[in-house]
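# Chains, contacts and geometry: an overview
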Amino acid sequence: MTQDTQFPAPDFSLPSDTGETVSLAGLKGQAFVLFFYPRDNTPGCTTEAKGFSADMSAFEAAGARVFGVSKDSLESHGKFRAKQELTVPLLSDEHGSLCEDLDVWKEKKMYGKSFMGIERSTFLIDGAGTVVRAWRKVKVPGHVEDVLAAVKAL
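Residues numbered from 1 in each chain as written. Predicted model: local features only at pLDDT ≥ 70, side-chain atom pairs only at ≥ 80, totals over all residues. Heavy atoms only, no water.

### A few points about the environment of Ser57
Within the fold, Ser57 resides in helix 2 (residues 56-61). Of the residues examined, Ser57 reaches a relative accessible area of 54% and is grouped as exposed. Spatially, the C-alpha atoms of Ser57 and Thr87 are 9.9 Å apart, while their sequence positions differ by 30 residues. (Helix = DSSP H or I, 4+ residues; strand = E, 2+ residues; numbered from the N terminus. Buried < 20%, exposed > 50% of the residue type's maximum accessible area, 1.4 Å probe, protein only.)

Here you go:
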């Protein structure tokens, strides 16, 4: 489900598996994509991260950076990135503050059990720090192409 409602992106500063700290302030003036995924090395998350990795040059050519975000540790991210040969930087939101600020930390149900987890979601933020598109309850097939089209339309 895509939403076109615009709202200010929450302030954040998160460590990346590349060794940099990525923050809203540090990205000022450029568009970027944050895709939230439940867990490293699971099938849907791997497919999604590989999709964004495969199109990194197209996103960069369109003027946007891309970051994956989950609550996994930097160590887990590093192993995931190496194993899957990902090029997309992965941000660790271990404390869940950005997950909560963007309302992706949700109650989920599987096999009759309830638990808290990340709802697969993607946000396109413009250079002014405004969320201009939000995709919630993302289905992986075709998603990267939809996000890239939205970036190109900025």
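### Examining unusual backbone geometry
Backbone geometry places Glu85, a non-glycine residue, at a positive phi of 55°. As for its placement among the helices and strands, Glu85 is situated in the loop between helix 3 (74-84) and strand 7 (90-92). One non-glycine residue, Asp103, adopts positive backbone phi at about 55°. Its place among the elements puts Asp103 in the loop between helix 4 (97-101) and strand 8 (105-110). Asp103 sits in the partly exposed class, given a relative accessible area of 40%.

### Digging into the packing of aromatic side chains
Counting across every chain of the model gives six aromatic pairs. Pairing Tyr37 with Phe80 gives two aromatic rings, centres 6.1 Å apart and planes at 40°, and the pair type is tilted. Here Phe80 lies in helix 3 and Tyr37 lies in the loop between strand 5 (31-36) and helix 1 (43-54), a separation of 43 residues in the sequence. Across the pair, Phe80 and Tyr37 agree in class, each one buried. Here the aromatic cluster, defined as three or more aromatic residues joined through ring pairs, consists of Phe35, Tyr37, Phe52, Phe59 and Phe80. Positioned above the aromatic ring of Trp105 is the side chain of Lys71, whose terminal nitrogen or guanidinium carbon lies 3.8 Å from the ring centre. (Phe/Tyr/Trp six-rings, centres within 6.5 Å; stacked < 30°, edge-to-face > 60°. Lys NZ or Arg CZ within 6 Å of the ring centre and 35° of its normal.)

Any functional reading would require information beyond the geometric quantities listed.
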